[in-house]
Amino acid sequence: MTHWAAMPWRSPEVAPRGAFRLHNRLIGAWRQPARTDRPELIEGLVAQPARIPPKYLYDAVGSALFEAICELPEYYLTRTERAIFVAHRDAIAAAAGRHRQFVDLGAGDCRKGEWWVDALAPRRFIAVDISTAAVEPALARMAAAHSDIEFMGVITDFSRTLDLAGDLDSGPVTFFYPGSSIGNFTPDEALELLTQIRRLCGRRGGLLIGVDVPKDEQRLAAAYDDAVGVTAAFNRNVLNHVNALVGCDFDPAAFRHVAFYNAPASRVEMHLEALRAQCVVLDGSERVFAPGERIHTENSYKYEPQAFAALLRRAGFARIAVWRDEAGDFAVYYAE
Ligand code: AVJ
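This section reports on the structure supplied with the text. (Residues numbered from 1 in each chain as written. Predicted model: local features only at pLDDT ≥ 70, side-chain atom pairs only at ≥ 80, totals over all residues. Heavy atoms only, no water.)

So, the site of the ligand
No. 1: Around the ligand sit 15 residues, and of these Tyr75, Gly179, Tyr224, Glu298 and Ser300 come closest.
No. 2: In isolation the ligand exposes 350 Å². Once the protein is present, 97% of that is buried.
No. 3: Listed by contribution, the elements that provide at least two residues to the shell around the ligand are helix H2 (60–69), helix H10 (230–247) and strand E13 (294–301). (Near = heavy atom within 4 Å. Areas by Shrake-Rupley, 256 points an atom, 1.4 Å probe, with all protein chains shown as cover. Helix = DSSP H or I, 4+ residues; strand = E, 2+ residues; numbered from the N terminus.)

What to know about the pattern of salt bridges
No. 1: Evaluation of the coordinates by the stated rule reveals 19 salt bridges.
No. 2: For Asp212, the salt bridge is made with Lys215, and the minimal N-O distance between the two is 3.0 Å. The pair Asp212 / Lys215 is uniform in exposure class, with both members buried.
No. 3: Between Arg319 and Glu336 there is a salt bridge; the shortest N-O distance is 2.7 Å. Of this pair, Arg319 sits in the loop between helix H11 (305–314) and strand E14 (320–324) while Glu336 sits in the segment after strand E15 (330–335), and the two are 17 residues apart along the sequence.
No. 4: Residue class for Glu336 comes out partly exposed when judged on its relative accessible area of 28%. (Salt bridge = Lys/Arg side-chain N within 4 Å of Asp/Glu carboxyl O. Buried < 20%, exposed > 50% of the residue type's maximum accessible area, 1.4 Å probe, protein only.)

Details of the sheet that holds strand E10 (residues 267–274)
No. 1: Strand order in the open sheet formed by four strands is E3-E13-E10-E9, with mixed pairing between adjacent strands. Of all strands in the sheet, those with a lone pairing partner are strand E3 (50–51) and strand E9 (255–262), marking the two edges.
No. 2: The pairing of E3 with E13 spans two bridges and is parallel. Of the residues in E13, the one forming a bridge with Ala50 is Ile295. (Pairing = 2+ DSSP bridges.)

Quick notes on H2
No. 1: Those residues of H2 not exposed but buried are Gly62, Leu65 and Ile69. Taken around the axis of H2, the buried residues stretch over an arc of 65 degrees, which confines them to a single face.
No. 2: The inward-facing, buried residues of H2 contact H10. (Arc of directions from axis to C-beta. Contact = heavy atoms within 4.5 Å.)

Things to note about the side chain of Asn235
No. 1: Inspection of the secondary structure puts Asn235 in helix H10.
No. 2: By relative accessible area, Asn235 is classed as buried at 0%.
No. 3: There is a polar contact of 3.0 Å between the side chain of Asn235 and the backbone oxygen of His271.
No. 4: Those residues in contact with Asn235 that sit more than four places away from it in its chain are Leu57, His257, Val258, Met270, His271, Leu272 and Thr297. (Polar contact = N/O pair within 3.5 Å; in protein donor to acceptor, adjacent residues only side chain to side chain.)

Here we look at unusual backbone geometry
No. 1: In the segment running from Gln48 into Pro49, the intervening peptide bond is cis, with an omega of -5 degrees.
No. 2: Relative to the helices and strands, Pro49 resides in the loop between helix H1 (37–46) and E3.

Quick notes on the environment of Gly108
No. 1: Relative to the helices and strands, Gly108 resides in the loop between strand E4 (101–105) and helix H5 (111–115).
No. 2: For Gly108, a relative accessible area of 17% puts it in the buried group.
No. 3: In this structure the C-alpha to C-alpha distance between Gly108 and Val128, which are 20 residues apart in sequence, comes to 8.2 Å.
No. 4: Excluding residues within four positions of it along the chain, Gly108 makes contact with Asp129, Ala134, Val135 and Ala138.

Set out below in structure tokens:
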């Protein structure tokens, strides 16, 4: 697969829209030109209060830090979801069915999705992610290991719209959206995304999704503000990414990581708080931050199982199965 890297896949900003074949069983596709990042970021940064969409947490360093977060003792989400997958693998596979198209949403390095390949034996594996850097080597690795599966990478920002209709064939589809990533959306936005997934599912498709559950405030706060400071680094690093995309001069060291559970809203919030007064040159003008002023960088919504099942039903899903760990810390749903 070495000729993969020689293909134009590495440059989404200059690539044409649409899909094209990179290898016999490996297809690349782009949607979203990277050019829209700048205006979107500037709009959020000049707003009061300032905000940065959470998708910008994942540059190369941010993705590596997130991998580290998933190993932290405080961050129970990843390992609890994995334990549910392991304990209920056969029941989940029986519900989802074999030989389908498997759409890995926010695939990243595709490790979570690849874990299902043995149980689900997908015909096609479609990795959807905003980042080429993670998906490219993952698809090359998987295409080499599974010669009977067609692999496709779709580089798109599905926080705007899930434009996959042209990439799926008429066979049944299983969507896979693990890790409680749906929690980054407001409930209204989540309903919109789930409705789009439901439409793409057709009559015989389904969604396998992992969602975090509200719990003790201290445990939630610790999961998003760990003792060794990995999450703090992950949050501050977004400013390096913004500097690179916008061409501005944020000093990550001049901001403090703040994370807390907002119980009425059922969400963990992450913010960056200015340690002192500072001025950032943004698009020719100056954005002044007062000491203590915050930039909102992430929401992570938590759902009681009955609340999430209700959201799935509102999105048009009918049969809904739920699996939980013994402590009830996390929930996995398969919805048809
Ligand atoms: C990848 C969005 C599910 O919200 O738990 C981890 C991201 N932020 N620690 C989450 C995250 C801080 C994570 N999601």
